[in-house]
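Secondary and tertiary structure notes
The lines below spell out each chain.
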Amino acid sequence: MHLGALFIASHVLTSGSVRETARRFQLSPSTVSTAIHNLETELAMTLTERASGELATLIASGRVLEGLEPIMAAIGELGQWAGHDGAGIDEAWASRIPVKIVTMERFLEVADQGSINRAARRLRLGQPQLSLQLANLEKFLSHRLFERQAQGSVLTEEGRRAYQIFMAISQAWNDLKSSADERYRRTARSLRIGSIIPTGSESWVARCLGSLVSEWNVRRNNNAISLVSMTADDLREALKSGRIDVAILDSVFGLESFRHRELLQTDMVVIAPPDSTETSVADLVVSHAICMPSPRTGLGHAAMAFSYERAPNRRLRGQDITAADSLPVIVDLVANHGYVSFLGRVSAMPIADKVRIVDLDEHLPMSYHVAFNHRKAAADACTVIIEVAARITSETVARTIRPTDAGARETAA
């Protein structure tokens, strides 16, 4: 990471705009984007995200900006020393400072050792390579930093000033990096579990995850657990990219490349308003608007396929269908606003006091699966999840699902 990139990234976090920063410093947007990306990589954290085509700074960026303040002050002092003070720091110059932090730290090492040869041995560098880097640093600053003497290298007056500036930058950067290193260690130790979106706190998914965390912590496992909810499509992508280690999904589609086990089986049902009187699916969809999970979920894909194949009327084929990836919203629409929807029976049973459950005309089986990566902790969590799911579902819907724990199958890619 070089000082110019840090100066650019700091301005992006302050202004919240890549384009404004690029115009202000007369740089290409790609150069500015690369600077902020490199800072995020170095600190192992996300500082910005795109929202509706605009850059949005995240909460973490505020702490990073505070950490960058000593570096920005040191860059200002460096600019004054190099003759770029004027009415303020020369931003165009500052944004193009090519000096890398590692070069400054090597300068500090030479100054501390009083010898290029000793510093090169400690840094495990060739002496010519280190000498060339120091010569380039002196050339950029237009100041001689060392007096080469027979007994070693001694800082000049300008070198002592450079030492103070570079030490301030190095200390501030190491403070930022140490926090990033600790975050990385915590992330590396944590077990990241993703699940389909629960219908609510009473759902089997939410209870399963709650029991998992409780039992996992009671066992004092070395891997802390972090949880996130996504659609089935997003869960598969997160598994592929390594962003999560374990996934609870409502579809077996796309799991061929992952180790996975069947979690439980159930069947699809219709959930209807509690005061509705229709007894068939056809009558329900004629009389009520429909809201169902989007096709990005396994449940939504299955429900949409059922709708098109078995009930080709305008409600099930037209714009009367609202897709939503939030199951709590869907449950509220059914319970309080007269909609109907489709759920797995195992998910519908815990909310039977809020909605009316209506069977389909024919049995439509569904299955839930847990997929996991190569980590031993992921396989251990998978076993706990299966045990907990079997216990929870047997308590509430024992007559509606087939026992699957004993027959769970495992597939290795």
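Model, not experiment: these values are computed from the prediction.

Taken as a whole, this structure holds 1 cavity of 30 Å³ or more when the rule is applied. The computed volume of the largest cavity comes to approximately 160 Å³. Lining the largest cavity are 18 residues; nearest its centre among them are I196, I197, D250, L299 and L327.

Next up on the list: the layout of surface pockets. Over the atoms, a rolled probe matching the size of one water molecule traces out where space is still vacant. When its volume is computed, the largest pocket comes out at roughly 170 Å³. What lines the largest pocket is P98, V99, K100, T103, L132, Q133, N136, L137 and F140.

What follows covers the nonpolar core. Residues W204, V246, L263, V270, Y368 and I385 are the most contacted members of the largest nonpolar core, which totals 67 residues. Counting residues per element, this core draws most heavily on helix α17 (residues 376-397), at 10 residues. Leaving out residues up to four positions away in the same chain, W204 has contacts with I248, L263, L264, V346, S347, Y368, A389, I392 and T393. Counting residues in each nonpolar core, the second largest holds 57 residues, with A9, A35, I75 and A162 among its members.

This part is about the environment of E278. Structurally, E278 is set in the loop between β8 (259-272) and α12 (281-287). We classify E278 as buried; its relative accessible area is 17%. For E278, the contacting residues outside a window of four places in its chain are D283, L284, S287, H288 and R356. Side-chain polar atoms of E278 contact the side chain of H288, separated by 3.3 Å.

Quick look at the pairing of strand β4 (residues 152-155) now. Bridge count between strand β3 (residues 146-149) and β4: 4 bridges; the pairing is antiparallel. Across the sheet, the residue bridging to Q149 is G152, located in β4.

The rules behind each value
- Residues numbered from 1 in each chain as written.
- Predicted model: local features only at pLDDT ≥ 70, side-chain atom pairs only at ≥ 80, totals over all residues.
- Heavy atoms only, no water.
- 1 Å grid on protein atoms, 1.4 Å probe; cavity = no way out; pocket = protein on both sides within 12 Å on 5 of 7 lines; lining within 4 Å.
- Points joined across faces, edges and corners; volume = space filled by probe spheres on them.
- Core = buried A, V, L, I, M, F, W, Y, C linked by side-chain atoms within 4.5 Å.
- Buried < 20%, exposed > 50% of the residue type's maximum accessible area, 1.4 Å probe, protein only.
- Helix = DSSP H or I, 4+ residues; strand = E, 2+ residues; numbered from the N terminus.
- Contact = heavy atoms within 4.5 Å.
- Polar contact = N/O pair within 3.5 Å; in protein donor to acceptor, adjacent residues only side chain to side chain.
- Pairing = 2+ DSSP bridges.

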